[in-house]
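Chain residues, written in single-letter form:
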Amino acid sequence: MPTMDSKTGTLRAAYSSDELKEAASLMRGYALVAIAAAESGHPGGTLSIMDVAAALYLDEMRHDPKDAFWSERDRAFWSAGHKAPALYVSLGMAGYFDIEEVVTLRKLNSPFPGHPHWLKLDGVEVSSGSLGQGLSVAVGSALAARLDKKDYRAYCIMGDGEQQEGQVWEAAMEAGHFGLDNLCAIIDVNRLQIDGCVADVMCVEPLADKYRSFGFEVISIDGHDMAQILGAFKQARRNKGKPTAIIANTVKGKGVRYMEDVYSWHGKAPNMEQLSEALEHVGVAEKLDVAHLLKKAEDYQGKVNEYLAAKEPKYSRGYWWNSGSNMKVTMEQARQGLGRMLVKHGDDDRIVGLGVDISNSIGIDHFYVEHPVRKERWLSLGVSEQSATCVAAGLAKEGKLPIFGTYGVFASGRNLDQIRTTVCYGNHNVMIVGAHGGLLVGPDGATHQALEELFSMCGLPNMHVEVACDAVENERAAEHLLLKVNGPKYLRFAKEATAVVTSESTPWVFGKANVIRFRGEKPAFKDAFEHVLASDYKDEGEQVALIACGPVVAESMRAAWILKAEHDIEARVLNLHTMKPMDRTAVVRAAIECGLVLTVEEHQVGGMGNQVAAAIQTSPEVYGTPVRMEMIGVPDRFGESGWPWDLMRDFGLTAEYIADRAWKLHGATEK
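These figures come from a predicted structure and were not determined experimentally.

Engineer: I'd love a proper account of the overall build of the protein, names of residues and values included.
Structural biologist: Counting its regular elements, the protein contains 23 helices and 22 strands. When the backbone C-alpha atoms are referred to their principal axes, the protein occupies close to 80 × 60 × 50 Å. Taken as a whole, the protein presents about 24,500 Å² of accessible surface, with 50% of it coming from carbon and sulfur. The positive charge centre, built from 70 side chains, and the negative charge centre, built from 89, are 2 Å apart in the protein.

Engineer: Tell me about helix H12 (residues 335-345), residues and numbers included.
Structural biologist: Looking at H12, one finds that the buried residues are Arg335, Gly337, Leu338, Gly339, Met341, Leu342 and His345. Against the buried residues of H12 lie strand E9 (351-355), helix H13 (359-362), strand E11 (401-407), strand E12 (431-435) and helix H18 (471-484).

Engineer: Give me the lowdown on a negative patch on the surface, citing residues and values where you can.
Structural biologist: On the surface, a cluster of negative charge is contributed by Glu273, Glu277, Glu280 and Glu286. As for its position among the elements, Glu277 is in helix H10 (residues 272-281). The class of Glu277 is partly exposed, set by a relative accessible area of 38%.

Engineer: Which residues make up the packing of aromatic side chains, and what values do they have?
Structural biologist: The geometry of an aromatic ring pair is captured by the separation of the ring centres together with the interplanar angle, meaning the angle of the planes. Taken as a whole and judged by the stated rule, the model has 17 aromatic pairs. Ring centres of Trp169 and Tyr211 lie 4.8 Å apart, and the angle between their planes is 45 degrees; this geometry places the pair in the tilted category. Taken together, the positions of Trp169 in helix H6 (residues 166-177) and Tyr211 in helix H8 (residues 207-213) put the pair 42 residues apart, joining distant regions of the chain. The burial state of Trp169 is the same as that of Tyr211; both residues are buried. When the ring centre of Tyr152 is taken as reference, the NZ or CZ atom of Arg75 above it lies at 3.7 Å. Positioned above the aromatic ring of Trp265, the side-chain terminus of Lys268 is 4.5 Å from the ring centre.

Engineer: Mind laying out the pairing of strand E6 (residues 217-222), listing which residues take part and the relevant values?
Structural biologist: The sheet contact formed by E6 and strand E7 (residues 244-249) spans 6 bridges and is parallel. For Ile219, the partnering residue across the bridge sits in E7 and is Ile246. Crossover connection from E6 via helix H9 (residues 226-238) to parallel E7: handedness right-handed.

Engineer: Could you give an account of the sheet that holds strand E22 (residues 628-634), naming the residues involved and the relevant values?
Structural biologist: The 6 strands lie next to each other as E17-E16-E19-E18-E21-E22, forming an open sheet whose pairing is mixed. Single-partner strands in this sheet number two, and they are strand E17 (529-533) and E22. Geometrically, the sheet is characterised by an average inter-axis angle of 25 degrees between neighbouring strands, direction not taken into account. Pairing geometry for strand E18 (residues 544-548) and strand E19 (residues 571-575), over 5 bridges, is parallel. Each residue of the ladder has a partner; that of Val544, found in E19, is Ala571. Packing against the sheet, helix H19 (residues 552-567) makes contact with strand E16 (514-518), E17, E18, E19 and strand E21 (596-604), and its axis sits at approximately 160 degrees to E18. Running over the sheet, helix H21 (residues 609-617) touches E18, E21 and E22 and is turned about 165 degrees from E22.

Engineer: Go over the environment of His345, please, and point to the residues and values.
Structural biologist: Tracing the chain through its elements places His345 in helix H12. Non-local contacts of His345, meaning those with residues more than four positions away in its chain, are made with Ile351, Glu479 and Leu483. Only 2.4 Å separates the side chain of His345 from the side chain of Glu479, close enough to count as a polar contact.

Engineer: So what's going on with the environment of Glu217? Which residues, and what values?
Structural biologist: As for its placement among the helices and strands, Glu217 is situated in strand E6. Given the relative accessible area of 27%, Glu217 is considered partly exposed. In sequence terms Glu217 and Pro461 are 244 residues apart; their C-alpha atoms lie 47 Å from each other. For Glu217, the contacting residues outside a window of four places in its chain are Gln235, Asn239, Lys242, Pro243, Thr244 and Ala245.

Engineer: Explain the packing of helix H3 (residues 50-60) against helix H4 (residues 84-94) to me, and be specific about the residues and the numbers.
Structural biologist: The contact between H3 and H4 brings their axes to 9 Å, and the two run at 35 degrees. By crossing handedness, the relation of H3 to H4 is classed as right-handed. Across from Met50, Ala53, Tyr57 and Leu58 in H3, the residues of H4 making contact are Ala86, Leu87, Val89, Ser90, Leu91, Met93 and Ala94.

Engineer: Which residues make up the pattern of salt bridges, and what values go with them?
Structural biologist: Taken as a whole, this structure holds 47 salt bridges when the rule is applied. Linking Asp349 and Arg377 is a salt bridge whose minimum nitrogen-to-oxygen distance equals 4.0 Å. With a gap of 28 residues between them, Asp349 in the loop between H12 and E9 and Arg377 in the loop between H13 and strand E10 (378-380) connect regions that are remote in the sequence. In this structure, Glu530 engages Arg519 in a salt bridge whose closest nitrogen and oxygen atoms are separated by 2.8 Å. Residue Glu530 is found in strand E17, and its partner Arg519 is found in the loop between E16 and E17; the two are separated by 11 residues along the sequence. On the basis of relative accessible area, Glu530 is assigned to the partly exposed category, the value being 36%. Overall, Arg519 belongs to the partly exposed group, its relative accessible area being 38%. One salt-bridge network, held together by shared partners, links Arg517, Arg519, Glu530, Asp539, Glu540, Glu542, Lys564, Asp568, Glu570, Arg572, Arg589 and Glu593.

Engineer: For the sheet that holds E7, give the residues involved together with the corresponding values.
Structural biologist: Taken in spatial order, the 5 strands of this open sheet run E1-E2-E3-E7-E6, and their pairing is parallel. The sheet terminates laterally at strand E1 (75-78) and E6, the two strands that pair on one side only. Taking each pair of neighbouring strands and ignoring which way they run, the sheet shows an average axis angle of 20 degrees. The pairing of strand E3 (residues 183-189) with E7 spans 6 bridges and is parallel. The residue bridging Ile186 from the neighbouring strand is Ile246, located in E7.

Engineer: Go over the packing of H3 against H9 with me, naming the residues and quoting the values.
Structural biologist: Interhelical geometry of H3 versus H9 gives an angle of 55 degrees and a closest axis separation of 10 Å. For the element pair H3 / H9, the angle class is oblique. Judged by the sense of rotation from one axis to the other, the crossing of H3 with H9 is right-handed. In this structure, H3 uses Asp51, Val52, Ala55, Leu56, Asp59 and Glu60 to contact H9, whose residues at the interface are Met226, Ile229, Leu230, Phe233 and Arg237. When grouped by side-chain class, the residues that make up the contact of H3 with H9 number 7 nonpolar, no polar and 4 charged.

Engineer: Account for helix H16 (residues 416-424), with residues named and values stated.
Structural biologist: Listed as buried for H16 are Gln418, Ile419, Val423 and Cys424. Across the axial projection of H16, the buried residues extend over an arc of 145 degrees, all falling on one side. Where the residues of H16 are buried, they touch helix H14 (385-397), helix H15 (408-412), E12 and helix H17 (453-458).

Engineer: Help me get a handle on the pairing of E9, residues and values and all.
Structural biologist: Most of E9 is tucked away, with 5 of its 5 residues classed as buried. The two faces of E9 match: Ile351, Gly353 and Gly355 on one face and Val352 and Leu354 on the other face are all buried. As judged from the 5 bridges shared by E9 and E11, these two strands associate in the parallel manner. Its bridge partner lying in E11, Ile351 is registered against Leu401. The sheet contact formed by E9 and E10 spans 3 bridges and is parallel.

Definitions and limits used
Each chain carries its own residue numbering, running from 1 in the written order of its sequence. A pLDDT threshold of at least 70 governs which residues receive local features in this predicted model, and a stricter bar of 80 or more applies before side-chain atom pairs are shown or counted, although totals over entire chains, interfaces and linings include all residues. Side-chain measures were taken over the full set of non-hydrogen atoms in the model, leaving aside hydrogen atoms and water. Counting from the N terminus, the helices are the DSSP runs of H or I reaching at least four residues and the strands are the DSSP runs of E reaching at least two. Note on areas: these come from Shrake-Rupley sampling with a 1.4 Å probe, and a residue is covered only by the protein chains present in the view. Charged residues are defined here as Lys and Arg on the positive side and Asp and Glu on the negative side; His and the ends of the chain fall outside this count. All charge positions are set by atom: Lys at NZ, Arg at CZ, Asp at CG, Glu at CD. Only protein chains enter the accessibility calculation, which uses a 1.4 Å probe; a residue whose area is less than 20% of its type maximum is buried, one above 50% is exposed, and one in between is partly exposed. Pairs of residues are marked as contacts when any of their non-hydrogen atoms sit within 4.5 Å. Think of a patch as exposed residues, more than 30% relative accessible area, with no salt bridge, where like charges cluster within 9 Å and nonpolar side chains (Val, Leu, Ile, Met, Phe, Trp, Tyr) cluster within 5 Å. By salt bridge we mean one thing: a side-chain nitrogen of Lys or Arg within 4 Å of a carboxyl oxygen of Asp or Glu. Pairing of aromatic rings covers Phe, Tyr and Trp, the last through its six-membered ring, and needs centres within 6.5 Å; plane angles under 30 degrees mean stacked, over 60 mean edge-to-face, and all others mean tilted. Over a ring means this: the NZ of a Lys or the CZ of an Arg is within 6 Å of the ring centre and within 35 degrees of the ring normal. Pairing between strands requires that DSSP locate at least two bridges from one strand to the other. Seen with its strands pointing away from the viewer, a crossover is right-handed if its path from the first strand over the helix to the second goes clockwise. Angles here are taken between N-to-C directions and fall from 0 to 180 degrees, while the axes themselves are lines fitted to C-alpha atoms, restricted in helices to the stretch in contact. Counted as a polar contact is a pair of N or O atoms within 3.5 Å, where, for protein atoms, one must be capable of donating a hydrogen and the other of accepting one, and residues adjacent in sequence contribute only when both atoms are in side chains. Note on convention: near helix rotated counterclockwise from far helix by under a right angle means a left-handed crossing. Clockwise means right-handed. What sets the label is the angle itself: under 35 degrees gives roughly parallel, over 145 gives roughly antiparallel, 65 to 115 gives roughly perpendicular, and the rest give oblique. Gly counts as polar in this scheme, as do all residues outside two lists: the nonpolar Ala, Val, Leu, Ile, Met, Phe, Trp, Tyr, Cys and Pro, and the charged Asp, Glu, Lys and Arg. Directions drawn from the helix axis to the C-beta atoms are what define this arc.

Purely geometric numbers; function is a separate question.
Shown next, in the form of structure tokens:
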């Protein structure tokens with residue numbers, strides 16, 4: 001049933017099969033423009049599911065765009081949250097909002113984040129992004145309908161690579177057990193995931209047989225044949241006593257010839273030239289005013305820029321990265337450091353690399369890419385973080401040095417019980433890479449921004465935790481953790497390219513903090529600072545200690561420059577790269593000698609700050625010494641979608657905000 005007026009029971013719109021095909025093509029066009037304007041996104045899966053999405057939102061589901069929370073509506077749960085552009089254009093075509101608004105995709109404060117959030121946009125039924133969870137939500141919704149004696153249906157959109165998550169099969173078991181004939185699972189079988197072919201990464205076939213074994217009625221279709229799609233939905237409505245699984249065989253990147261069946265188009269945006277070609281391929285180049293849409297996106301970003309500039313502390317000149325004639329820096333992604341370490345040491349037969357998807361994105365695939373002889377020690381486990389954690393423990397038990405990683409949210413959160421019970425309690429020699437931590441993940445949004453893992457990882461007995469400040473330090477930290485630390489270890493680093501502020505000659509000792517002091521402006525930013533092991537540092541009477549870890553170490557260094565240039569305040573920057581075991585002595589000395597401590601973390605406030613505070617408050621050396629302390633970090637909230645540095649500015653984590661807080665704190669202390 002197409003969209004309807006929930007108050008009168010009349011239809012708002014109706015589409016023929018041919019009109020649905022045309023709508024799907026137009027939706028592909030809008031989605032491509034939005035992804036290109038965002039300069040990031042997931043076109044592959046967005047395009048493969050579009051025909052099914054058009055049929056679902058414009059013909060199959062009973063819903064009212066003017067009453068998004070109508071209690072009798074059918075519900076669609078997008079477990080495959082990275083296909084968000086397909087969801088958004090479906091809602092736009094259905095009439096929930098002006099579809100042109102989707103061009104603000106992934107920008108700061110847009111209702112169209114990189115992964116959908118149901119509290120931001122009417123028509124979105126669940127916040128998603130962490131794969132494998134949607135079917136469970138759909139089961140809960142379908143059960144609620146039964147309990148409330150309502151006849152709405154629950155649909156769940158998943159990918160085939162997503163079937164590698166164990167929770168999918170727990171939910172499938174539940175749906176079959178309860179005989180939920182008001183539930184319809186839709187699996188977009190485009191055969192590709194980030195790391196390659198699903199069959200090669202971790203085969204999920206035979207899907208049809210598996211779902212039947214869990215009590216589902218299974219319908220296999222060509223996911224681009226509108227007649228088959230509509231027929232499958234009708235058949236699903238007729239099924240009684242059991243849930244339905246529609247296996248939609250599709251083509252990743254459908255409609256854009258250079259994207260079709262190419263797994264590298266899973267998660268990258270087309271440039272403007274590629275966009276023009278793509279719109280020609282899907283047949284909508286003449287139907288969309290692309291210039292108007294891109295201008296709309298540009299104007300929105302312009303307003304974001306004005307908003308950020310208006311709230312930012314003002315100084316006598318600009319200090320932003322590479323904005324002046326001197327103090328230049330090189331920007332590099334920290335993952336390159338991990339990759340270099342694995343290239344260097346990968347011939348060690350004890351090392352086993354475990355891929356849990358996004359392997360190239362985090363640099364862990366450098367282990368074997370240019371050294372195919374190592375491929376036998378590379379194990380692709382697919383999207384299965386919980387099992388991978390325990391597989392790694394099994395390898396470690398037998399004397400191997402396993403290393404696996406993914407986004408920090410999935411490397412430390414989804415598998416927390418497995419890390420706690422199997423890895424840490426057993427004290428197994430497992431290295432976990434929590435890549436893409438913090439706000440610098442950017443437009444992927446809150447579901448992919450790890451802001452909590454220092455609480456959990458540092459709270460686990462036997463765990464060792466490193467938070468690298470740049471690519472060079474990341475290489476050194478990764479090397480030490482993998483080869484020198486015996487026991488559980490966690491390495492956190494950022495996704496976005498950040499300033500390289502250390503070198504091979506920079507002192508670095510596991511468990512020991514570094515003091516960083518500004519020595520005057522230089523042509524190269526990193527030459528303007530001296531790095532000294534905290535244990536070797538002699539007090540210079542600094543007025544404030546900026547204690548930081550990760551990418552905000554560089555921001556704290558820049559803040560030290562601002563404080564000296566603008567206020568003639570000397571700041572001691574303490575790089576607390578080892579979070580566990582933490583260098584308590586360096587922290588306590590900084591507190592006593594500076595009297596003013598400001599912790600800075602690209603993390604929920606307190607992940608590092610609380611540990612620093614505890615070290616200061618519980619050290620007898622500090623008793624009787626006046627110390628003032630504040631913390632900068634993400635307040636008690638989730639992140640947002642937006643360009644990485646927009647988020648850093650919006651959340652007040654850049655040097656401009658750090659220096660301003662330190663200056664105000666210094667003034668309050670002086671009073």
